[in-house]
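Per-entry structural report
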Amino acid sequence: MRIAALTAALMTAAPLAAQDAPVAPAVLRAVQEATISAQISGLIEELPFQDGAAFAAGDVLARFDCARIEAEAEAARATFRAAEEVRSTTARLARLGDIGKGEDRRAAAEAEAAAASANALETVVGDCEIRAPYAGRVVARLVNPFETLEAGQEIISIVGTDRPRVELIVPSVWLRWLREGQQFSVVINEVEATVPARIDRIGAAIDPVSRTVRVTGSLTSDAADRIRLLPGMSGSARFPDPNG
């Protein structure tokens with residue numbers, strides 16, 4: 001959808017020949033974005049951040065009610081500790097020749113099985129909290145506290161707070177002069193600001209219908225950090241006249 005919108009804007013823009021310099025529609029996109037899903041089924045106990053709220057890397061974005069799972073994990077740890085005691089004792093007795101090697105191996109196998117069970121439950125307990133993979137903002141909470149979720153159900157959509165990238169769809173004939181590293185400026189409609197930018201990547205294929213190519217750039221001025229630039233903002237990318 002976003003490529004189609006950019007292409008439509010490009011096709012309705014004034015012809016390049018009538019402009020002093022090449023201009024193309026531009027959209028800001030988040031460098032990091034994710035929709036996070038539940039890893040376990042259960043009652044969601046806490047969603048600390050509302051839509052639009054900022055969070056730091058490592059903050060808890062969602063917490064499940066895991067009292068039963070935590071109790072099971074503690075019981076598994078106790079079983080493992082007991083199995084380890086038995087293994088240690090049987091190993092000592094086996095060295096002294098008081099018991100056979102078969103009994104020693106059986107105790108070792110039971111201790112390993114108890115360890116595996118305890119580790120599996122520890123992993124589930126770890127899934128009871130969902131922590132932010134990076135600093136960012138909440139785009140949307142997709143569920144509410146005290147709802148019961150299924151594993152795989154979407155919980156929250158987030159974006160990173162890194163400086164957004166710039167996405168353009170430009171005429172394929174621009175490839176005659178467009179290069180990675182090339183400087184240009186972006187006029188952002190929503191904040192009425194002009195920010196310098198640089199071409200980072202040029203698409204690997206041309207759309208044969210619209211005769212356009214996707215281009216990705218980055219904002220290069222610290223001024224971009226002083227303006228609240230949000231993913232989805234749009235405007236126009238303006239390049240120096242390649243003929244002049």
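That block above? That's the structure.
Residues numbered from 1 in each chain as written. Predicted model: local features only at pLDDT ≥ 70, side-chain atom pairs only at ≥ 80, totals over all residues. Heavy atoms only, no water.

1. Some remarks on the overall build of the protein
Check the secondary structure of the protein and you find 4 helices and 14 strands. For the protein, with 244 residues in total, the buried portion stands at 36%. In the protein, once contacts between residues fewer than 6 apart in sequence are set aside, the share between residues at least 24 apart is 72%. Just so you have it, the protein exposes about 13,600 Å², and 51% of that area is on carbon and sulfur atoms. (Helix = DSSP H or I, 4+ residues; strand = E, 2+ residues; numbered from the N terminus. Buried < 20%, exposed > 50% of the residue type's maximum accessible area, 1.4 Å probe, protein only. Contact = heavy atoms within 4.5 Å. Areas by Shrake-Rupley, 256 points an atom, 1.4 Å probe, with all protein chains shown as cover.)

2. Quick word on the side chain of Arg-141
If you trace the backbone, Arg-141 turns up in strand β7 (residues 136-141). One buried charged side chain, Arg-141, makes no salt bridge at all; its nearest oppositely charged neighbour is Asp-51, positioned 4.9 Å away. Polar contacts involving the side chain of Arg-141 include one to the main-chain carbonyl oxygen of Leu-47, which spans 2.9 Å. (Lys, Arg positive; Asp, Glu negative; His and termini not counted. Salt bridge = Lys/Arg side-chain N within 4 Å of Asp/Glu carboxyl O. Polar contact = N/O pair within 3.5 Å; in protein donor to acceptor, adjacent residues only side chain to side chain.)

3. Quick notes on the nonpolar core
One finds Leu-168, Val-170, Phe-184, Val-186, Leu-219 and Phe-239 to be the most contacted residues of the largest nonpolar core, which totals 23 residues. Going through the elements one at a time, β1 (23-29), β10 (165-171), β11 (183-188), β12 (193-202) and β13 (212-219) are the ones with two or more residues in this core. The residues touching Phe-239, leaving out its near neighbours within four places in the chain, are Ala-21, Pro-22, Leu-168, Trp-174, Trp-177, Leu-178, Gln-182, Gln-183, Phe-184 and Ile-199. Ile-40, Cys-66, Tyr-134 and Ile-158 belong to the second largest nonpolar core, which has 22 residues in total. (Core = buried A, V, L, I, M, F, W, Y, C linked by side-chain atoms within 4.5 Å.)

4. Concerning the pairing of β11
Of the two faces of β11, only the one carrying Phe-184, Val-186 and Ile-188 is buried; Gln-183, Ser-185 and Val-187 on the other face are not. With 6 bridges joining them, β11 and β12 adopt antiparallel strand pairing. Within β12, the position partnered with Ile-188 by the bridge is Ala-193. Hairpin connection, β11 to β12: the antiparallel pair is bridged by 4 residues, and Glu-192 has positive phi, about 50°. For β11 and strand β14 (residues 234-238), the ladder comprises 4 bridges, and the chain directions are antiparallel. Within β14, the residue paired with Ser-185 across the bridge is Arg-238. (Pairing = 2+ DSSP bridges.)

5. Remarks on the state of the cysteines
Among covalent bonds in proteins, the disulfide is the one between the sulfur atoms of two cysteines. Within this structure, the stated rule accounts for 1 disulfide. The disulfide bridge from Cys-66 ends at Cys-128, spanning 1.9 Å between sulfur atoms. Judged by the sign of its S-S torsion, about -100°, the cystine formed by Cys-66 and Cys-128 is left-handed. Of this pair, Cys-66 sits in the loop between β5 (60-64) and α2 (67-96) while Cys-128 sits in the loop between α3 (101-126) and β6 (129-131), placing them 62 residues apart in sequence. (Disulfide = S-S within 2.5 Å.)

6. Things to note about the sheet that holds β5
Taken together, the 4 strands give an open sheet; going across it, the order is β6-β5-β3-β8, and neighbouring strands pair in antiparallel fashion. Each end of this open sheet is capped by a strand with a single partner; those strands are β6 and β8 (148-149). Pairing analysis gives 3 bridges linking β5 to β6, with the strands arranged antiparallel. Note on β6: the bridge partner recorded for Ala-62 is Ile-130.

7. Some points on the sheet that holds β13
Strand order in the closed barrel formed by 6 strands is β1-β10-β13-β12-β11-β14, and the pairing between neighbours is antiparallel. The average angle at which neighbouring strand axes cross in this sheet is 40°, direction not considered. (Axes fitted to C-alpha atoms, helices over the stretch in contact; angles between N-to-C directions.)

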